[in-house]
Amino acid sequence: AQRVTQPEKLLSVFKGAPVELKCNYSYSGSPELFWYVQYSRQRLQLLLRHISRESIKGFTADLNKGETSFHLKKPFAQEEDSAMYYCALIRNSGNTPLVFGKGTRLSVIA
Amino acid sequence: EAGVAQSPRYKIIEKRQSVAFWCNPISGHATLYWYQQILGQGPKLLIQFQNNGVVDDSQLPKDRFSAERLKGVDSTLKIQPAKLEDSAVYLCASSLLRPSGEQYFGPGTRLTVT
């Protein structure tokens, strides 16, 4: 069975400080990994996916298959980054549902 | 493009009552998902449709939950009878067929069962 673990429920950082949101997964095959974000009073939306290898809003995430991790990083946090972040995976075999972690609430303090 | 629409946004019912939620996916999206998000948890799949056929309903409590997607467009999710533990946000999402795979979420329906 697939599982996604986000060990931190809440992460507070000061504006301008680096951010790292941790995500570990378990899956015997080759999954696709995603980060979804939910800003206050907005719907859940895709932030980035590992196959794109791109930086969105200054965030990056690298898939480490050896450590089965997909940590989300940003060098300098901004107040508008405050939100709920969910790591998720899908089985890389067709149109399959997302398996989510429990989420980490990021609070950026001015 | 218009996003995924859901209604109602909020619903409060007593246990043992029934309730129905409606979802209108993004036009052209063949795949539709219903997720349940309990407070403090990530969303969990209840059922997945492809066009009007069920792909995965393995986690749907079929003794009380039912869902349908007539004509491969709109979908309804019903709970009858509701239990206290059904209090959650019910999210609808839709996606194109692969390889895109990105799921677009609706605003959700917050259900409170008292």
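Heads up: the structure comes first, above all this text.
Residues numbered from 1 in each chain as written. Chains lettered and ligands numbered in written order. Predicted model: local features only at pLDDT ≥ 70, side-chain atom pairs only at ≥ 80, totals over all residues. Heavy atoms only, no water.

1. Description of the environment of Gly103 of chain A
Residues and elements named next belong to chain A.
Here's step 1: For Gly103, the location among the structural elements is in the loop between strand E10 (99–100) and strand E11 (104–109).
Here's step 2: Looking at Gly103, the relative accessible area reads 3%, which means it is buried.
Here's step 3: Apart from the residues lying within four places of it in its own chain, the contact partners of Gly103 are Gln6, Glu8, Lys9, Met84, Tyr85 and Tyr86. (Helix = DSSP H or I, 4+ residues; strand = E, 2+ residues; numbered from the N terminus. Buried < 20%, exposed > 50% of the residue type's maximum accessible area, 1.4 Å probe, protein only. Contact = heavy atoms within 4.5 Å.)

2. Brief notes about the sheet that holds strand E1 (residues 5–7) of chain B
All names here are of chain B.
Here's step 1: Strands sit in the order E1-E3-E8-E7 across an open sheet of four strands; the sheet is antiparallel. Across the chains shown, the open sheet's two edge strands, defined by having one partner strand only, are E1 and strand E7 (65–68). Recorded for the sheet is a direction-independent mean angle of 15 degrees between the axes of neighbouring strands.
Here's step 2: With four bridges joining them, E7 and strand E8 (residues 75–79) adopt antiparallel strand pairing. Bridge pairing in E8 links Ala67 to Leu77. (Pairing = 2+ DSSP bridges. Axes fitted to C-alpha atoms, helices over the stretch in contact; angles between N-to-C directions.)

3. Re the interface of chain A and chain B
Here's step 1: Across the contact, 18 residues belong to chain A and 24 residues belong to chain B.
Here's step 2: Taking both partners together, chain A and chain B bury about 1700 Å²; carbon and sulfur atoms supply 45% of that area.
Here's step 3: The largest contributions to the chain A side of the interface with chain B come from Arg43, Asn95 and Pro97 of chain A, which together make up 38% of the buried area.
Here's step 4: In this structure, the connection of chain A to chain B is made through one salt bridge.
Here's step 5: Along the contact surface separating chain A from chain B lie six residue pairs in polar contact (both at pLDDT 80 or more).
Here's step 6: At the level of elements, strand E5 (31–38), strand E6 (45–49) and strand E9 (83–91) of chain A are the ones that each hand at least two residues to the side of chain A that touches chain B.
Here's step 7: Considered class by class, the residues forming the side of chain A that touches chain B number eight nonpolar, five polar and five charged. (Buried area = accessible area lost by both parts, 1.4 Å probe. Salt bridge = Lys/Arg side-chain N within 4 Å of Asp/Glu carboxyl O. Polar contact = N/O pair within 3.5 Å; in protein donor to acceptor, adjacent residues only side chain to side chain. Nonpolar A, V, L, I, M, F, W, Y, C, P; charged D, E, K, R; others polar.)

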